[in-house]
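Structural features, examined
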Amino acid sequence: GLVDRQADSLESWRVKGLGLRLVLFGLAEVQALRLSRLAGMVYKLEEELLDSEKIRTLEPKMLFGLYQMSSKALTESSEFVERTLKAMNWSDLETELLQVKAQAATQDKTGISSEDSAELLSFIARLKAQGEKSRTDDE
């Protein structure tokens, strides 16, 4: 909804930009789900490649090609998620959400209700906590 709004002022462009960043984060979430499925597929293919009976019944070149393709897709999805998380400036995003909430409370020029602002702020707080947990787990 934030992306579809008419942008005719600096503030409305800021709100639209916030919406676009949230859309990108949503796409990263989709890629993370894809990453999980691809990781499972790569694991199964590795098991297939290591199974000597399966290698005898299937053309190894074909099986290995499928493995390479899945591994490449896994790497690309992983890199997308990593880049997106690193690019997220949680402090700036939280600050912008607080500003939108404050403006909605004083005047309704942004078109975002205080309830929507509170929901967005809560959403970003959860995402921030998940991002910090992911970074801690990676370290």
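What comes next concerns the included structure. (Residues numbered from 1 in each chain as written. Predicted model: local features only at pLDDT ≥ 70, side-chain atom pairs only at ≥ 80, totals over all residues. Heavy atoms only, no water.)

1. Quick look at the pattern of salt bridges
We apply this condition: Whenever Lys or Arg places a side-chain nitrogen within 4 Å of a carboxyl oxygen from Asp or Glu, that contact is recorded as a salt bridge. Every helix listed is a DSSP run of H or I at least four residues long, and every strand listed is a run of E at least two residues long, numbered separately from the N terminus. Burial status follows relative accessibility: with a 1.4 Å probe on protein chains alone, a residue under 20% of its type maximum counts as buried, one over 50% as exposed, and anything between as partly exposed.
Enumeration over the complete set of coordinates arrives at three salt bridges. One salt bridge connects Glu-96 with Arg-21, and the closest N-O pair in it is separated by 2.3 Å. With Glu-96 in helix H4 (residues 90–106) and Arg-21 in helix H1 (residues 10–50), this residue pair connects regions lying 75 residues apart in the sequence. The class of Glu-96 is buried, set by a relative accessible area of 18%. Arg-21 gets classed as partly exposed once you look at its relative accessible area, which sits at 31%. We note a salt bridge from Lys-86 to Glu-82, for which the minimum N-O separation is 3.0 Å. With Lys-86 and Glu-82 both in helix H3 (residues 60–87) and four residues apart, the pair spans about one turn of that helix. Residue classification places Lys-86 among the exposed positions, given a relative accessible area of 63%. Overall, Glu-82 belongs to the partly exposed group, its relative accessible area being 42%.

2. Some points on the packing of aromatic side chains
Short version of the rule: Note on aromatic pairs: the rings of Phe, Tyr and Trp (six-membered ring only in Trp) are paired at centre separations within 6.5 Å, and the planes decide the class, stacked below 30 degrees, edge-to-face beyond 60, tilted for the rest.
Applying the stated criterion to the full structure yields two aromatic pairs. Where Phe-25 meets Trp-90, the ring centres are 5.6 Å apart and the plane angle is 80°; that geometry is what we call edge-to-face. Separated by 65 residues along the polypeptide, Phe-25 in helix H1 and Trp-90 in helix H4 bring together distant segments of the chain. Among the residues examined, Phe-25 registers a relative accessible area of 9% and is labelled buried.

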